[in-house]
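# A closer look at the structure
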Amino acid sequence: MKKTINVLVINGPNLNLLGTREIEIYGSLSLSDLLEKLEIESKKLNIVLKHIQSNAESILIDKIHSSKNTIDYIIINPAAFTHTSIAIRDALIGVNIPFIEVHISNIYSREDFRSHSWLSDISQGVISGLGIDGYTWALKTIYNRLIKNKK
């Protein structure tokens, strides 16, 4: 019997505007398009996805806290909180759930303030600048780390 992997996808502020916001940077697919694509891929990998998007830091932190003992891995696009939120960093450290940090745009080729992440050094990896495909690569990496390479 295959082991089921429970993955929480966290999307931070303004990602609810995907598909309409700065299309030249973030693309034309909406957040629901992204989630639909991820759901299809996750079923192939026997991964159960849960998702949250919020513009409120406290809601994301509460979701991280409530994921302890129920979520195996997190994919997080903290968006603007990448550069400001030590509170999200502390929440991720506190629950000790491995995570991959994903950014649709290449944060290192944009404004200087975007090049620092409060999460990168505690993450299992960072995917930046590959568009929404970065989320799919994160899912495949999780599968490889938790299932494929354990056989």
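To keep things clear, this report deals only with the structure shown in the data block. For clarity, every value in this text was computed on a predicted model and none was experimentally measured. (Residues numbered from 1 in each chain as written. Predicted model: local features only at pLDDT ≥ 70, side-chain atom pairs only at ≥ 80, totals over all residues. Heavy atoms only, no water.)

### Describing the packing of helix α2 (residues 31–44) against helix α5 (residues 133–146)
A packed helix pair is summarised by two numbers, namely the angle formed by the two axes and the spacing between the axes. Put simply, the test is: Note on method: axes are straight lines fitted to C-alpha atoms, helices fitted across the in-contact stretch only, with angles between N-to-C directions ranging 0 to 180 degrees. Here a helix means four or more residues in a row that DSSP labels H or I, a strand means two or more in a row labelled E, and each is numbered from the N terminus. Put simply, angles under 35 degrees are roughly parallel, angles over 145 are roughly antiparallel, angles from 65 to 115 are roughly perpendicular, and the rest are oblique. By definition, turning the near helix anticlockwise from the far helix through less than a right angle yields a left-handed crossing, and turning it clockwise yields a right-handed one. Contacts are assigned to residue pairs with any non-hydrogen atoms lying within 4.5 Å of each other. When residue character is reported, Ala, Val, Leu, Ile, Met, Phe, Trp, Tyr, Cys and Pro are called nonpolar, Asp, Glu, Lys and Arg charged, and the others, Gly included, polar.
Where α2 contacts α5, the axes come no closer than 10 Å and their chain directions differ by 25°. In terms of orientation, α2 and α5 fall into the roughly parallel class. Of the two elements, α2 crosses α5, and the hand of that crossing is right-handed. Counting all contacts with α2, which are made through Leu 34, Lys 37, Leu 38, Glu 41 and Ser 42, the residues of α5 involved are Asp 133, Tyr 135, Thr 136, Leu 139 and Lys 140. Here the contact of α2 with α5 is composed, by residue class, of four nonpolar, two polar and four charged.

### Observations concerning unusual backbone geometry
Negative phi values dominate among residues other than glycine, just as trans dominates among peptide bonds. We apply this condition: Only protein chains enter the calculation, and the probe is 1.4 Å; a residue is then buried if its accessible area is under 20% of its type maximum, exposed if over 50%, and partly exposed in between.
At Asn 14, a residue that is not glycine, the phi angle is positive and equals roughly 75°. Among the structural elements, Asn 14 can be located in the loop between β1 (5–11) and α1 (23–26). For Asn 14, a relative accessible area of 33% gives the class partly exposed. Unlike most non-glycine residues, Asn 46 shows phi in positive territory, near 60°. Topologically, Asn 46 is positioned in the loop between α2 and β2 (47–53). Given a relative accessible area of 26%, Asn 46 falls into the partly exposed group.

On their own, these measurements won't tell you what the molecule is for.
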